[in-house]
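Take a look at the letters that make up each chain.
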Amino acid sequence: MGTYNIPRNTKGEGRLFYIFSTKALIWTVGGLLVGVVIKTILKSIGSLFKAAGTFNFIGIIITVLLALAGFVIGTFKMPKNDRFEITRKAGGINLDKVLIESIRFKLNRVKLYVYDTDELSREEIEHELDEKAKNDEKEEKLRQEAIEKANRNRRGYIR
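Residues numbered from 1 in each chain as written. Predicted model: local features only at pLDDT ≥ 70, side-chain atom pairs only at ≥ 80, totals over all residues. Heavy atoms only, no water.

Within the protein chain, the regular secondary structure consists of 5 helices and 0 strands. Burial status across the protein chain gives 13% buried among its 159 residues. Restricting to contacts in the protein chain with at least 6 residues of sequence separation, those with at least 24 account for 47%. When the accessible area of the protein chain is evaluated, it comes to approximately 14,300 Å², of which 61% is carbon and sulfur surface. (Helix = DSSP H or I, 4+ residues; strand = E, 2+ residues; numbered from the N terminus. Buried < 20%, exposed > 50% of the residue type's maximum accessible area, 1.4 Å probe, protein only. Contact = heavy atoms within 4.5 Å. Areas by Shrake-Rupley, 256 points an atom, 1.4 Å probe, with all protein chains shown as cover.)

Compared with the 20 Å implied by 1.5 Å per residue over 14 residues, the 20 Å span of helix α4 (residues 95-108) between its first and last C-alpha is a close match. Note on α4: the residue one or two positions beyond its end, R109, has a positive phi of about 50°. (Expected span 1.5 Å × (residues − 1).)

A few words on unusual backbone geometry. Non-glycine residue K50 carries a positive phi angle of around 60°. Summarising the element assignment, K50 is placed in the loop between α1 (22-48) and α2 (52-75).

The next point concerns the packing of α1 against α2. Remark: α1 packs on α2, axes separated minimally by 7 Å, with the N-to-C direction vectors making an angle of 165°. The angle between α1 and α2 falls in the class roughly antiparallel. The handedness of the crossing between α1 and α2 is right-handed. Residue composition of the contact of α1 with α2, grouped by class: 17 nonpolar, 11 polar and 3 charged. (Axes fitted to C-alpha atoms, helices over the stretch in contact; angles between N-to-C directions. Parallel < 35°, antiparallel > 145°, perpendicular 65-115°, else oblique. Left-handed = near helix turned anticlockwise from the far one by under 90°. Nonpolar A, V, L, I, M, F, W, Y, C, P; charged D, E, K, R; others polar.)

Let us look at the pattern of salt bridges. Inspection of the entire model under this criterion finds 3 salt bridges. Across the pair D96 and K23 runs a salt bridge, and its minimum N-O distance is 3.6 Å. Pair noted here: D96 is in helix α4 and K23 is in helix α1, with a separation of 73 residues, a long-range link. Residue D96 is classed as buried on the basis of its relative accessible area, which comes to 9%. Taking the relative accessible area as the measure of exposure, K23 reaches 24% and is therefore partly exposed. Between R143 and E140 there is a salt bridge, and its shortest N-O distance comes to 2.6 Å. In this pair, R143 and E140 are both assigned in helix α5 (residues 117-152), 3 residues apart and thus about one turn of the helix distant. (Salt bridge = Lys/Arg side-chain N within 4 Å of Asp/Glu carboxyl O.)

What follows is about α1. Helix length check: α1, at 27 residues, gives a terminal C-alpha distance of 39 Å against a target of 39 Å (1.5 Å per residue), a fit within 8%. For α1, every residue scored as buried is listed here: A24, G31, G35, L42 and G46. Turning to α1, the residues buried within the fold contact α2. Directly beyond the C-terminal end of α1, a positive phi value near 60° is found at K50.

A cluster of acidic side chains, namely E123, E124, E126, E128, D130 and E131, defines a negative patch on the protein surface. Along the chain, the position of D130 falls in helix α5. (Patch = residues over 30% accessible without salt bridge, like charges linked within 9 Å, V, L, I, M, F, W, Y side chains within 5 Å. Lys, Arg positive; Asp, Glu negative; His and termini not counted. Charge placed at Lys NZ, Arg CZ, Asp CG, Glu CD.)

Have a look at this one:
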């Protein structure tokens, strides 16, 4: 008797180290670079006020927080929750995708109109029924003309 493999969901098994993905690394490094730029600016401002050490420490804290925020953006997904509109609509989508799409939407300033799909489908069905009725009328008219033409060509046959 041969062996039989039972099908099972193995999607989550390879995702154990998903937090160390290249996307998470890129977002972490991006947050780190922004933090280093802010730290440098704060350090130069601190040197003007003769408090470079304090401003440098604040810059380090900001750098760590931005690197952590980059890691979270690159790793986690939007939670599914029916209480809030944003989590109901975007639940389960990666945070970076949500962030990029929202920025792209704000930059394009394109208005999107959401229609009631029931109303649209009803209009489409009514339009299709109207077209079908018109086509049926045309076919019936052509059929009657063909019958009338055939009757005229009979010449003397009894109907």
